[in-house]
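A structural walkthrough
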Amino acid sequence: MKPIRAIDAFSLGRSPLSDDERKNLRREKLQQQKEDGYQQLAELCRFGEYDAAQHLANRNPRWGYEIVGGEVMERED
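A short tour of the structure in this document, coming up. (Residues numbered from 1 in each chain as written. Predicted model: local features only at pLDDT ≥ 70, side-chain atom pairs only at ≥ 80, totals over all residues. Heavy atoms only, no water.)

**Observations concerning the overall build of the protein**
Summing up its helical and strand segments, the protein has two helices and two strands in all. From first element to last, N terminus to C terminus, the protein shows the α and β order α-α-β-β. Relative to the globule expectation of 11 Å for 77 residues, the C-alpha radius of gyration of the protein, 20 Å, shows a markedly less compact shape. When each of the 77 residues of the protein is scored for burial, the buried share is 16%. Of all intrachain contacts in the protein linking residues separated by at least 6 positions in sequence, the fraction that spans at least 24 positions is 31%. Of the accessible surface of the protein, which amounts to about 6800 Å², a share of 50% is contributed by carbon and sulfur atoms. Across the protein, 13 positive and 15 negative side-chain charges occur, with their mean positions spaced 10 Å apart. (Helix = DSSP H or I, 4+ residues; strand = E, 2+ residues; numbered from the N terminus. Rg over C-alpha atoms; globule rule 2.2 N^0.38 Å. Buried < 20%, exposed > 50% of the residue type's maximum accessible area, 1.4 Å probe, protein only. Contact = heavy atoms within 4.5 Å. Areas by Shrake-Rupley, 256 points an atom, 1.4 Å probe, with all protein chains shown as cover. Lys, Arg positive; Asp, Glu negative; His and termini not counted. Charge placed at Lys NZ, Arg CZ, Asp CG, Glu CD.)

**Notes on the environment of I67**
Assignment of secondary structure puts I67 in strand β1 (residues 65-68). Owing to a relative accessible area of 12%, I67 belongs among the buried residues under this scheme. Between the C-alpha atom of I67 and that of D51, which follows or precedes it by 16 residues, the distance is 8.7 Å. Not counting residues within four places of it along the chain, the set of residues in contact with I67 comprises L41, C45, Y50, A53, Q54 and V72.

**A short note on the pattern of salt bridges**
Tallied over the entire structure, the rule returns two salt bridges. With its nearest N and O atoms 3.9 Å apart, the salt bridge here joins E74 to K34. Of this pair, E74 sits in strand β2 (residues 71-74) while K34 sits in helix α1 (residues 19-46), and the two are 40 residues apart along the sequence. Classification of E74 as exposed rests on a relative accessible area of 52%. A relative accessible area of 22% means that K34 is categorised as partly exposed. (Salt bridge = Lys/Arg side-chain N within 4 Å of Asp/Glu carboxyl O.)

**A few points about the pairing of β1**
Burial of β1 is one-sided: the residues Y65 and I67 facing one way are buried, the residues E66 and V68 facing the other way are not. Inspection of the sheet shows β1 paired to β2 by four bridges, in the antiparallel sense. Pairing of E66 across the sheet is with M73, part of β2. Here β1 hands over to β2 after two residues, with G69 in that stretch at a positive phi of 60°. (Pairing = 2+ DSSP bridges.)

Structural data, given as structure tokens:
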């Protein structure tokens, strides 16, 4: 942590991100959403809520999953 005297109240804060940093952050966020989505779908299937899992998978096509025979599978487009 910086001492209070070292903080410039007129600075704009952190430096802006480069295009590569933005792409990496977007990619990481998408991957995390995909992993979280898989967990949600798998949990619904585990509870026997296949219709709810299918509905959730259809509402979130960017996750890339579908429900086949009560299991979460990667969607093949």
